[in-house]
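# A look at the structure
Listed below are the residues making up each chain.
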Amino acid sequence: MNSLLEQFLSEARDFLQGIGEKLMQLENDPTSNELMVELFRFVHTLKGNSGLFDFPEMTRVLHASEDLMDAVRDGRVSYSQTLADQLLEAMDFVGMLMDEIEATETISHKHAAPAAELAKALRHLLTADENDSNELDDILTEAVETQLIENSIDFERLPDLNLPEEIGAQLHQHALKGDKVFWLEYTPESDSFFKGEDPFYLMRQVPDVAWRNVILRMNAASLAEMDVFSSQLVYQVLTTAPSEELNDLLRYVPDEYKRIEIPSLVFVKPCGERDSHPVDEEFIQNALALFDTGDNDALIRIINTMLQLTAPDLWSSSLLRWVVRLIEREPNNRAVQRALLESLRTLEMPDWTNLKAVQIPNALSIQTMNSSSESAPKAAPANSDNELLQNFNTIINAQKEILNLSASAGGVWSAGRLKSVGSSIVGCYKTIGRSQDIDSIELALKNALAQNSPAPLLNWLEKSLTNSPELVVASAKSETITNNLAAQNEVKFGRRAEDATGRKIEDAAASSGGNKTLKVDQDKIDRLMSLIGEMVVAKNALPYLAARAETIFGVRDLSREIKAQYAVINRVAEEMQDTIMQVRMLPVSFIFQRFPRMVRDISRKLGKEVDLVLEGESTEADKNIIEALSDPLIHIVRNSLDHGLEQPDVRIAAGKSGNGKLLIRASQESDRVLIEIIDDGKGINPDVIKHKAYEKGLIDEATLERINDQDAVNLVFAAGFSTAEVISDLSGRGVGMDVVRSAVEKVNGTVGIESEVGKGTRLYLSLPLSMAVTNVMIIESNKQIFGVPMDMVVETVRVPRTHIQTIKQKQTTVLRGRIVPLLPLNDLLARGVAQVPNDADEFATLIVRVHGEHVGILVDDFRETVDIILKPMTGILGGLGGYSGAALLGDGSVLLVLNPRELI
Amino acid sequence: MAIEFKKTTVVFTDFIGVEEAETLLEWLLKNPKGKVNLSDCTHIHASSLQVLMAAKPAITSMPKDEDLAIWLNAALTS
């Protein structure tokens, strides 16, 4: 993985975390503008960063989120629970994508659909709330769309494409079979060449192309002025490829193409040379009569006869072939067949729009991938006059554009185009109630057709608009609208570049400012840690050297100097060690920050109301400790939510407030971190626990009778214990608290529980601040030295042999009024040698605390205590019980550190 | 060289990249009657394609590459 991507991933995770956090905070304070701005900045930067890589799915979702946040920030959309849910879901999705990137460095294209869904859902929120500001977009797209539907893109634009009959027939067959036939129109951004794209190559990759076309929309008046490096082509393709394949292929240019599913009827289109004289009326009557009686065989017969008589490349022949084809393929679609037969009289294309209502109610589905049209409500009624006028103008302007286009293009299909433009204009004028103009339009259209030039229509339009001031005003307005839109678009184009560079500048500004944070790989810190460990060991060798200088070589001065030097090195090394420790320190907020979201999700699922209070989030502890803590804590919090806190109605009945309170508090107590999880739920009933434990065979009958309440509550930590009647997805699998305890003990922590029925439960974890430096006491046994962690040592005493009693073959002694079992270390280590007492026949006894009980370990002698860097046993030795690790001593020897907990 | 300018004809071979578009346009402006031989061409970058579409030079032979030929046919003859 390249380092840029690595950095992106690590940063992105931080951002996701931040976004989640901010959303949680917003939930409590939905009006805070500051939070909103920060949230937007997070989403914005994350999106910008993701744009540096090839993850279109991620960028798309983030982009939609950004737009939504932008709207919220500007107050166009109000913050709501659903909005937060949607955003959180989007961020989860992004997180999932990131996991995938981390594992495979790519995103599988199967995520494209969910990404689009999410983006759509986000944008939906945007539009649901935002009808006003998006109006321009809506009107424009709506105008275009209604035009597409009403005037039927299929009958205006596709016929212009002049499909050869065979291809039409083939696609018709396809569409009838239910295979989708898509019409793709791809208009690359004009600067696409500069992005290293080759739109033509992309379009050549479209599979199963049945028909294609490329249109030049030149942006210059003459060839000499042409800017060859700005894309001026529009690519059109009819393809039968599955939509997923198309999505995948075009996933980098989702905003630049339009995809329309073409209904089969569109392909029913006779083509060929126009007949010079009308088709014999008698034949038409015969055919219609046969058609009406339903005698298809006879009808096909006379049509075939007719076909033999006429030239095959005539328009009417083509039409007849279509009739036959339709009778074979869609015998029930009689309206279309009849319309075709009837159009033999006029030799004009039948007007499918009249049939449309019955024929293709749903078939024509427009699926533009263009984001703005996606967000636009499909058929928002133009309720005000102004809106109507604007719509009118947009359509008229579009028609003008088409006319200008045909003026430059000319060619065979301009007649069809003129007619369609004519009918669009007529429709528009009808809608705004200026029916008196219609005759003159039709006249202009006729002229235009006769001259085969759009000029008469254009002229008429100009004249009509200048003669009607109210329309001109609106027209001017619409011009500005279009201009605005163009300007907006330009801004959007520029944004991509700005995102990349602008962000760098932001970063630079941030780094030159107060915020100087370095991201360092943990391995490097660990390496530094082990180096300082070696340094401490090397430093510790100096006193030995000093002693040697004095005793062996007899140079006292040198010895003193070495000691002085040692003091300096010692100070520096200790400071260094401290600093490195601090680098490894993490605030507990690192794990706390996930709780708000978790508590929110779980409490919602359980239908409970919970107020979560976090305290002492800035308390710090070693990274390893913090990380080891995260799973047990999640477990505990879940338990509290599931078992501890009651449903609101139960709580109210018990005289408590409906909202349960969950307090998670971290604090530092000398060299340990204390974490408490306190709820005010129903508490733990010791009787229930006792009996459960008895039922499960965890305790025997005698214990059941004897056990006190606190001990009974502690039974929840026993392996295999579970009180839940039903196993839910939250808890009840019986692997709860004992796992928590072992996880905590693994990092030298302890866990305890206090509970009062009806009042609540307090669970506390006590953990060392750091695992790196361990204070151990060195003891000697059987001429070997061992270390024992000081935090386990309660006291050291010398027990005279006479004070040792043997109870049931176990040695014990009475110390300060309590019986303490004594275990010789040599026995524990199976050395088979008796412990050596001192001259006064006293045994050196180390009193250690194991699981809350005091145990005496008999050793041969005590030595000093030292700070060591404890290295856990690895490899084969890792499986060795009884030792928590090994350390190097100053003189270079290895000290094995015992783990009394496992030993006993 | 993927693009070779002869006296009256320009010959395209293999892949025509984006950078050829400008020279192609210049040549076509200088030789308005210049012809284009595409027979050994396998792909034309969109930039050069639009030059061909705008200048509409005579094509002496279409590409042997069938797919490209179909596309160029659609682009240049409509």
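The rules we used
Residues numbered from 1 in each chain as written. Chains lettered and ligands numbered in written order. Predicted model: local features only at pLDDT ≥ 70, side-chain atom pairs only at ≥ 80, totals over all residues. Heavy atoms only, no water. Pairing = 2+ DSSP bridges. Helix = DSSP H or I, 4+ residues; strand = E, 2+ residues; numbered from the N terminus. Axes fitted to C-alpha atoms, helices over the stretch in contact; angles between N-to-C directions. Parallel < 35°, antiparallel > 145°, perpendicular 65-115°, else oblique. Left-handed = near helix turned anticlockwise from the far one by under 90°. Contact = heavy atoms within 4.5 Å. Nonpolar A, V, L, I, M, F, W, Y, C, P; charged D, E, K, R; others polar. Phe/Tyr/Trp six-rings, centres within 6.5 Å; stacked < 30°, edge-to-face > 60°. Buried < 20%, exposed > 50% of the residue type's maximum accessible area, 1.4 Å probe, protein only. Lys NZ or Arg CZ within 6 Å of the ring centre and 35° of its normal.

This part covers the sheet that holds strand β19 (residues 842-850) of chain A. Residues and elements named next belong to chain A. The strand order β15-β19-β20-β18-β17-β16 describes an open sheet built from six strands, whose pairing is mixed. The sheet is open, and its two edges are formed by β15 (793-800) and β16 (805-807), each paired on a single side. Geometrically, the sheet is characterised by an average inter-axis angle of 40 degrees between neighbouring strands, direction not taken into account. Where strand β18 (residues 818-824) and strand β20 (residues 853-859) come together, three bridges link them in parallel fashion. In the sheet register, L822 faces β20, and the bridge partner there is G856.

Further remarks concern the pairing of strand β11 (residues 750-756) of chain A. All names here are of chain A. The pairing of β11 with strand β12 (residues 760-768) spans seven bridges and is classified as antiparallel. Counterpart to G752 in the pairing with β12 is Y764. Here β11 folds back onto β12 in antiparallel fashion, the turn holding three residues, of which G758 has a positive phi close to 85 degrees.

In this section: the packing of helix α26 (residues 595-606) of chain A against helix α27 (residues 623-644) of chain A. Residues and elements named next belong to chain A. Their axes nearest at 10 Å, the elements α26 and α27 cross at an angle of 30 degrees. When the interaxial angle is binned, α26 and α27 end up roughly parallel. The two elements α26 and α27 meet at a crossing, and its hand is right-handed. The residues of α27 that touch α26, namely those facing F595, M598, V599, I602 and L606, are L633, I634, V637, R638, L641 and D642. Its residues placed into classes, the contact of α26 with α27 shows nine nonpolar, no polar and two charged.

Mapping A:E244 onto the fold places it in helix α10 (residues 243-249). Separated by 135 residues in sequence, A:E244 and A:H109 place their C-alpha atoms 9.3 Å apart.

Glancing now at the packing of aromatic side chains. Scanning the entire structure with this criterion turns up six aromatic pairs over all chains. Note on A:F200 and B:W71: the rings are 5.7 Å apart at their centroids and 80 degrees apart in plane angle, and the pair reads as edge-to-face. With one member in each of two chains, A:F200 in helix α9 (residues 199-204) and B:W71 in helix α3 (residues 66-77) form a pair that bridges those chains. Pair check on accessibility: A:F200 and B:W71 agree, each one buried. An aromatic cluster of at least three residues, connected via ring pairs, comprises A:Y186, A:F200, A:Y235 and B:W71. The cationic tip of A:R325 hangs over the ring face of A:W322; the distance from NZ or CZ to the ring centre is 4.6 Å.

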